[in-house]
Amino acid sequence: MADTAAIRARSSGETTAYTIILAVSFCHLLNDVMQSLLSALYPMLKESYGLDFWQIGLLTMAFQVTASLLQPLIGMYTDKRPMPYSLPVGMGSTLAGLLFLAYAQEYSFLLLGAMLIGFGSAVFHPESSRVARLASGGRYGLAQSLFQVGGNAGSAIGPLLAAFIVVPRGQDSVAWFSLAALVGMMVLWRVGNWYSRYCAANGRRPGAAVPMLPRRTVVVALVVLTILTFSKHIYLASLTSYYTFYVIHKFGVSVQASQILLFVFLGGAALGTILGGPIGDRVGAKTVIWFSILGVLPFTLALPYADLTWTIVLTGVIGVVMASAFPAIVVFAQELVPGRVGMIAGIFFGLAFGMAGIAAAVLGVIADWKGIEFVFVACSFLPLLGLLTILLPDTRAARAAAG
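Fair warning: this is a prediction, and the values are worked out from it, not measured in the lab. (Residues numbered from 1 in each chain as written. Predicted model: local features only at pLDDT ≥ 70, side-chain atom pairs only at ≥ 80, totals over all residues. Heavy atoms only, no water.)

Draft legend 1. Seen up close, the overall build of the chain. Within the chain, the regular secondary structure consists of 17 helices and zero strands. By the burial criterion, 56% of the 403 residues in the chain qualify as buried. In the chain, the proportion of contacts linking residues at least 24 apart, taken out of those at least 6 apart, comes to 86%. Accessible surface computed for the chain: about 15900 Å², of which carbon and sulfur atoms make up 68%. (Helix = DSSP H or I, 4+ residues; strand = E, 2+ residues; numbered from the N terminus. Buried < 20%, exposed > 50% of the residue type's maximum accessible area, 1.4 Å probe, protein only. Contact = heavy atoms within 4.5 Å. Areas by Shrake-Rupley, 256 points an atom, 1.4 Å probe, with all protein chains shown as cover.)

Here you go:
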């Protein structure tokens, strides 16, 4: 009875369930550490398997497109039928993908491992994002930031682990990270217990709220948010997939040093994610989106012409500024379409990453054709799409008008 009463209190917005939010954030960290091992392995895999850049891009696409195609479908299904215990199942798929990456003897098995990790991501993100929102106590930006920063921290730590564990010890050392997947499965089982009790206390599906804005305005806003997310993740794909090759080619750094430089960028992205949500709760998500997408433009334009020292500084700044947008974008979209938390999370974690995966493959072809430096020059103009933010409605005013 006490558990049920506590859950009802949380659902009414009186309490933020930090333990649950931090638990899914921790599992997000584990999930993205394991995901980031794929891209961190690229220099080693390229040499070991004699891969071209287009094959590197195809590995990214295999992971991200698998995740992107399934995430919205899973999100829409679980909006109607919540699946609390799907979370440890998704982590199990990631575990299997790691083992394929560790012991693959040919390129096709690398692709299969990438797809299994993508499936695990597709299951994890919509439901865990929903859990974070349910546990938020109404502090949606904060909850989304705490949830997402786990993923950013995991993405940042992954290259360091690759640099100091996988690179010295070889590809099969990736299998050691299956232990992290087992830990994640145990934590997510406990989260599933909380989620199941929440559903029992509040009904299997939370009641859908009435949209604040006209349908046409909502559709236009969702299209704009999707384009902004595409631009952000296409640029991020250029860095996460090819930044190590860029600094090796342009500055002659070692593979291990390139992983550390990638950590600087990804660490900046983690910091930006922490800041984006709480600031959005205070000043509004639209303001954060303006600053994050368009405000990063001077730094992206300068990056291709910087020396090594300034490249390190600029990538850190780009990571902080650009990453602050995503919590605000997700919260903004969830406010536009109340009652569709899983679908929105699926779209923005899934389709956006899928487009970035396709972009990674295209950028690989361009890198083979025009050179790796050309890729960073071309991508530096993507934040100009931030001008589309002017088309977004003022949801704060709409919420005040609705009472």
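Draft legend 2. Structural context of helix H9 (residues 215–251). In a regular helix each residue adds 1.5 Å, so 37 residues correspond to 54 Å; H9 covers 51 Å between its end C-alpha atoms and thus fits that length. Two residues or fewer after H9 comes Gly252, characterised by a positive phi angle close to 70°. (Expected span 1.5 Å × (residues − 1).)

Draft legend 3. Looking closely at a nonpolar patch on the surface. Taken together, the side chains of Leu271, Ile274, Leu275, Ile279 and Val283 define a hydrophobic patch exposed on the protein surface, amounting to about 390 Å² of accessible area. Looking at the element boundaries, Leu271 is found in helix H10 (residues 255–283). (Patch = residues over 30% accessible without salt bridge, like charges linked within 9 Å, V, L, I, M, F, W, Y side chains within 5 Å. Salt bridge = Lys/Arg side-chain N within 4 Å of Asp/Glu carboxyl O.)

Draft legend 4. Seen up close, the packing of H9 against helix H13 (residues 308–323). Packing of H9 against H13 leaves a shortest axis separation of 12 Å and a crossing angle of 165°. The angle between H9 and H13 places the two elements in the roughly antiparallel class. You can see that H9 and H13 cross each other, and the crossing is left-handed. Only Leu308, Thr311, Thr315, Ile318, Met322 and Ala323 of H13 make contact with H9, whose side of the interface consists of Lys232, Tyr235, Leu236, Leu239, Tyr243 and Phe251. (Axes fitted to C-alpha atoms, helices over the stretch in contact; angles between N-to-C directions. Parallel < 35°, antiparallel > 145°, perpendicular 65-115°, else oblique. Left-handed = near helix turned anticlockwise from the far one by under 90°.)

Draft legend 5. Highlighting the packing of H9 against helix H16 (residues 372–379). As a packed pair, H9 and H16 sit with axes 9 Å apart at the nearest point and diverge in direction by 140°. The angle between the axes of H9 and H16 places the two elements in the oblique class. H16 is crossed by H9, and the crossing has left-handed handedness. Here H9 contributes Tyr235, Ser238, Leu239, Tyr242, Tyr243, Tyr246, His249 and Lys250 to the contact with H16, which in turn contributes Ile372, Glu373, Val375, Phe376 and Cys379. Looking at the contact of H9 with H16 residue by residue, the classes come out as nine nonpolar, two polar and two charged. (Nonpolar A, V, L, I, M, F, W, Y, C, P; charged D, E, K, R; others polar.)

Draft legend 6. The environment of Ala367, seen in detail. If you trace the backbone, Ala367 turns up in helix H15 (residues 341–370). Judged by its relative accessible area of 6%, Ala367 falls in the buried class. C-alpha separation for the pair Ala367 and Asp52, spaced 315 residues apart in sequence, amounts to 9.9 Å. Beyond its immediate chain neighbours, meaning those up to four positions away, Ala367 contacts Phe53, Ile372 and Val375.

Draft legend 7. Structural view of the packing of aromatic side chains. Summed over all chains, the structure comprises nine aromatic pairs. Ring centres 6.2 Å apart and planes at 10° place the aromatic pair Phe100 and Phe109 in the stacked group. The exposure class assigned to Phe109 is partly exposed, which follows from its relative accessible area of 35%. With a centroid separation of 6.5 Å and 40° between ring planes, the pair formed by Tyr242 and Phe245 is classed as tilted. Of this pair, Tyr242 and Phe245 both sit in helix H9, separated by three residues, roughly a single helical turn. Judged by its relative accessible area of 0%, Tyr242 is buried. Its relative accessible area of 10% is what places Phe245 among the buried residues. An aromatic cluster of at least three residues, connected via ring pairs, comprises Phe53, Tyr242 and Phe245. (Phe/Tyr/Trp six-rings, centres within 6.5 Å; stacked < 30°, edge-to-face > 60°.)

Draft legend 8. Structural view of the environment of His28. Considering the arrangement of structural elements, one finds His28 in helix H2 (residues 18–40). Its relative accessible area of 2% is what places His28 among the buried residues. A C-alpha to C-alpha distance of 8.2 Å links His28 and His125, two positions 97 residues apart in sequence. For His28, the residues in contact, after removing those within four places along its chain, are Phe124, His125, Phe147, Gln148, Gly150 and Gly151.

Draft legend 9. A look at the nonpolar core. Membership of the largest hydrophobic core comes to 105 residues, with the highest contact counts inside it found for Leu225, Ile289 and Phe376. The greatest single-element share of this core, amounting to 13 residues, is contributed by H9. In this structure Leu225 touches Ile289, Ile329, Phe332, Ala333, Leu336, Phe348 and Leu392, once residues within four positions along its chain are discounted. (Core = buried A, V, L, I, M, F, W, Y, C linked by side-chain atoms within 4.5 Å.)

Draft legend 10. Molecular detail of the environment of Lys232. Summarising the element assignment, Lys232 is placed in helix H9. The class for Lys232 is buried, based on a relative accessible area of 5%. Along the primary structure Lys232 and Ser292 are separated by 60 residues, whereas in three dimensions their C-alpha atoms are 9.4 Å apart.

By themselves, these figures tell us nothing about what the structure is for.
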